[in-house]
Amino acid sequence: MIRKDEIEAEIAPPAPPPEPSRSHPVRSAYEGGQRRGKHRIYIGMAPGVGKTYRMLQEARALRAEGIDVVIGLLETHGRQETAEQAEGLERVPLQAVNHCDRSLREMDTEAILARHPQIA
């Protein structure tokens, strides 16, 4: 489970970069002055083993610690227990996208970036 101090450590500004040299190029954690995010992947051997459920449990625990958490996209696949874990967590509305004369709903990445949560 992610702890609040781990999130705060990730959010804290980095130490000043070392002076560039030809043997050690500087690689910044920032692009255009903005902090780069991290991506966590939940891996399971089969559908229904609890990946989404675990992610939502961690999101709820982080929210209880005061971390700004939102849901960008959630597929419960009809599992009531998973849907219950999402209750009380803010969801960023999905966007409608037209593709081949069909209207589809997908995660609104721009809305998430504009909302600027600590975790999505």
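Scroll up a little and you will see the structure.
Summary of the structure given here. (Residues numbered from 1 in each chain as written. Predicted model: local features only at pLDDT ≥ 70, side-chain atom pairs only at ≥ 80, totals over all residues. Heavy atoms only, no water.)

### A word on the overall build of the chain
(1) Moving on: Helix and strand content of the chain: 4 helices and 6 strands.
(2) Moving on: Going from the N terminus to the C terminus, the chain shows its helices and strands as α-β-β-α-β-α-β-β-β-α.
(3) Moving on: Here the chain holds 120 residues, and the buried ones make up 18% of them.
(4) Moving on: When contacts within the chain are restricted to residue pairs at least 6 apart in sequence, those whose partners lie at least 24 apart make up 49%.
(5) Moving on: As displayed, the chain offers around 9,500 Å² of accessible surface, 51% of which is attributable to carbon and sulfur atoms. (Helix = DSSP H or I, 4+ residues; strand = E, 2+ residues; numbered from the N terminus. Buried < 20%, exposed > 50% of the residue type's maximum accessible area, 1.4 Å probe, protein only. Contact = heavy atoms within 4.5 Å. Areas by Shrake-Rupley, 256 points an atom, 1.4 Å probe, with all protein chains shown as cover.)

### Describing the environment of Ala-120
(1) Moving on: Within the fold, Ala-120 resides in the segment after helix H4 (109-115).
(2) Moving on: Sequence spacing of Ala-120 and Ile-71 is 49 residues, and the spatial spacing of their C-alpha atoms is 5.5 Å.

### Thoughts on the pattern of salt bridges
Once their charged atoms are close, side chains differing in charge can pair, the charge on each being opposite to the other.
(1) Moving on: According to the stated counting rule, one finds 4 salt bridges in the structure shown.
(2) Moving on: A salt bridge links Arg-115 to Glu-90; the nearest nitrogen and oxygen atoms lie 2.8 Å apart. Of the two residues, Arg-115 is situated in helix H4 and Glu-90 in strand S4 (residues 90-91); the sequence distance between them amounts to 25 residues.
(3) Moving on: You can call Glu-90 partly exposed: its relative accessible area is 38%.
(4) Moving on: By sharing partners, the salt bridges in this structure join Arg-40, Arg-54 and Glu-58 into a single network. (Salt bridge = Lys/Arg side-chain N within 4 Å of Asp/Glu carboxyl O.)

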